Amino acid sequence: MRPLRVEYCGEWYTVEAGSTFTIGRESDLTIDDNPYLHRTFLTLSSEFGLWWLSNVGQLLAATVSDATGSVQSWVAPGAKLPLVFKTVHVMFSAGATTYDFTVHAEEDFYNTSLTAAPADGGTTILPVTLTTSQRLLIVALAEHVLSQPSAGRATVPSSAEAAARLGWSMTTFNRKLDNVCEKLDKIGVDGLRGGRGRLAVNRRARLVEYAVATRLVSAEDLELLDGAGAGGGGGAAGDA
């Protein structure tokens, strides 16, 4: 099997077949000294003629997507996923920090292409439709991730920080966050709700992971924040 190349914070690592490459707080790829991050969280290894990404941690999950964002998977603790695309993006959060790195292969088993595109002025993305304020909320939460020049690390703002960035009250922000999380939960996005209908505490980080991984928002959307705070009321009437 041909080796993989892993890109993180502008640095490149080569993973040879027959070996196990570890990723975590104290690993072959040392992500950060973040105490919320497992010493070894993820591994890359070859088996059955495929490369595999395995989650060997106990608490954290990772979001994995192809280069187009049209294929996305959530890798929970104990799960493993075959890497069948030439370029794979991996995102995860530990505490208030979100990390991402890219895995590059010399060959792929499958090709993907986008089957839908936003109409002029619309926000429809395979198959999620966002209101203007919901899109603005996601961009505010993902601002630091979207503005970084390459794969690496970024913080996800608290609800209070994001609300202040948008000029919204906490009541408005929380209502809109509830609405967008419920909308994505209904189409099967994992990690946005806790047990028995209770919204998960770390839903902001999971929302950012999903939105960035699936290209629901992109760096081009950052310009939406230029006029944020002007209205102070959190969007037009009826815009949930």
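You'll find the structure just up there.
As the structure is a computational prediction, the values presented were derived from the model and not from experiment.

Draft legend 1. Molecular detail of the pattern of salt bridges. Applying the stated criterion across every chain, the model contains seven salt bridges. Ionic pairing is found between aspartate 221 and arginine 135, a salt bridge with its closest N-O pair at 3.0 Å. Of the two residues, aspartate 221 sits in the segment after helix H4 (203-213) while arginine 135 sits in helix H1 (residues 132-147), which places them 86 residues apart along the sequence. An identical accessibility class is assigned to aspartate 221 and arginine 135; each is buried.

Draft legend 2. The arrangement of the pairing of strand S3 (residues 21-24) in detail. Here S3 shows two buried faces, one formed by Phe21 and Ile23 and the other by Thr22 and Gly24. Pairing of S3 with strand S5 (residues 42-47) involves three bridges; the strand directions are antiparallel. Its bridge partner being in S5, phenylalanine 21 is matched across the sheet by leucine 44. Pairing of S3 with strand S4 (residues 29-30), which is carried by two bridges, proceeds in the parallel orientation.

Draft legend 3. Focus on the nonpolar core. Ranked by size, the top nonpolar core spans 35 residues in total, and within it Leu137, Ile138, Phe173 and Leu207 carry the most contacts. Sorting the residues of this core by element identifies H1, helix H2 (159-166), helix H3 (170-186) and H4 as the ones contributing at least two each. For this core, the leading source of residues is H1, giving nine residues. Each residue touching leucine 137, except ones within four places of it in the same chain, is listed here: Leu166, Trp168, Phe173, Lys176, Leu177, Val180 and Leu207.

Draft legend 4. Geometry of the packing of aromatic side chains. For the coordinates displayed, the defined rule picks out four aromatic pairs. Both rings, one in phenylalanine 92 and one in phenylalanine 101, keep their centres 6.4 Å apart while their planes meet at 65 degrees; by these two values the pair is edge-to-face. For the pair shown, phenylalanine 92 and phenylalanine 101 are each scored as buried. By way of ring pairs, the aromatic residues Phe41, Phe92, Tyr99 and Phe101 are connected into one cluster. The ring of tryptophan 52 has lysine 80 lying over it, and the distance from NZ or CZ to the ring centre is 4.9 Å. Positioned above the aromatic ring of tryptophan 168 is the side chain of lysine 176, whose terminal nitrogen or guanidinium carbon lies 5.5 Å from the ring centre.

Draft legend 5. Spotlight on H3. For H3, built from 17 residues, the straight-helix expectation of 24 Å at 1.5 Å per residue is met to within 8% by its first-to-last C-alpha distance of 24 Å. Within the span of H3, buried status applies to Thr172, Phe173, Lys176, Leu177, Val180, Cys181 and Leu184. Across the axial projection of H3, the buried residues extend over an arc of 155 degrees, all falling on one side. What points out from H3, more than 90 degrees from its buried face, is the exposed set Thr171 and Lys186. On its buried side, H3 packs onto strand S13 (128-129), H1, H2 and H4.

Draft legend 6. Seen up close, the environment of alanine 205. The topology assignment puts alanine 205 in helix H4. Separated by 47 residues in sequence, alanine 205 and serine 158 place their C-alpha atoms 9.7 Å apart. Apart from residues lying up to four places away in sequence, alanine 205 is in contact with Ser93, Thr98 and Val156.

Draft legend 7. Representation of the side chain of aspartate 221 in the model. For aspartate 221, a relative accessible area of 12% puts it in the buried group. Residue contacts for aspartate 221: discarding those within four places in its chain leaves Arg135, Val139 and Leu216.

Draft legend 8. Summary view of the packing of H1 against H3. One can describe the packing of H1 onto H3 by two numbers: an axis separation of 10 Å at closest approach and a directional angle of 100 degrees. Compared by their axis directions, H1 and H3 come out roughly perpendicular. Taking contact as the criterion, the partners of Ser133, Gln134, Leu137, Ile138 and Leu141 in H1 are, on H3, Phe173, Lys176, Leu177, Asn179, Val180 and Lys183. For the contact of H1 with H3, the per-class residue count stands at six nonpolar, three polar and two charged.

What counts, and at which threshold
- Residue positions are given per chain, counting from 1 as you read along its sequence in written order.
- Per-residue local features are limited, in this predicted model, to residues with pLDDT of at least 70; the limit for side-chain atom pairs, both in listing and counting, is 80 or more; totals at the level of whole chains, interfaces and linings are taken over all residues.
- Only heavy atoms go into the side-chain values, all of them from the structure, while hydrogens and water stay out.
- Just to be clear on terms, a salt bridge is a Lys or Arg side-chain nitrogen sitting within 4 Å of an Asp or Glu carboxyl oxygen.
- Here a helix means four or more residues in a row that DSSP labels H or I, a strand means two or more in a row labelled E, and each is numbered from the N terminus.
- Here's how the labels work: a residue is buried when its accessible area is under 20% of the maximum for its type, exposed when over 50%, partly exposed in between, all with a 1.4 Å probe on protein chains only.
- The pairing criterion for strands is at least two bridges between them, as found by DSSP.
- To qualify as a nonpolar core, a set must consist of buried Ala, Val, Leu, Ile, Met, Phe, Trp, Tyr and Cys residues joined through side-chain atoms within 4.5 Å.
- Note on contacts: a residue pair is in contact if any heavy atoms of the two residues lie within 4.5 Å.
- Only the six-membered ring of Trp is used, alongside the rings of Phe and Tyr, when aromatic pairs are assigned; centres must lie within 6.5 Å, and planes under 30 degrees apart are stacked while those over 60 apart are edge-to-face, with the rest tilted.
- Here, a charge over a ring is recorded when the distance from Lys NZ or Arg CZ to the ring centre is within 6 Å and its angle to the ring normal is within 35 degrees.
- By definition here, a helix of n residues has an expected span of 1.5 Å times n minus one.
- Here the arc refers to the set of directions running from the helix axis out to each C-beta atom.
- Axis lines are fitted through C-alpha atoms, for helices just across the contact stretch, and the angle between N-to-C directions can take any value from 0 to 180 degrees.
- We call two directions roughly parallel when the angle between them is under 35 degrees, roughly antiparallel when it is over 145, roughly perpendicular when it lies between 65 and 115, and oblique otherwise.
- Think of it as three bins: nonpolar holds Ala, Val, Leu, Ile, Met, Phe, Trp, Tyr, Cys and Pro, charged holds Asp, Glu, Lys and Arg, and polar takes everything else, Gly as well.

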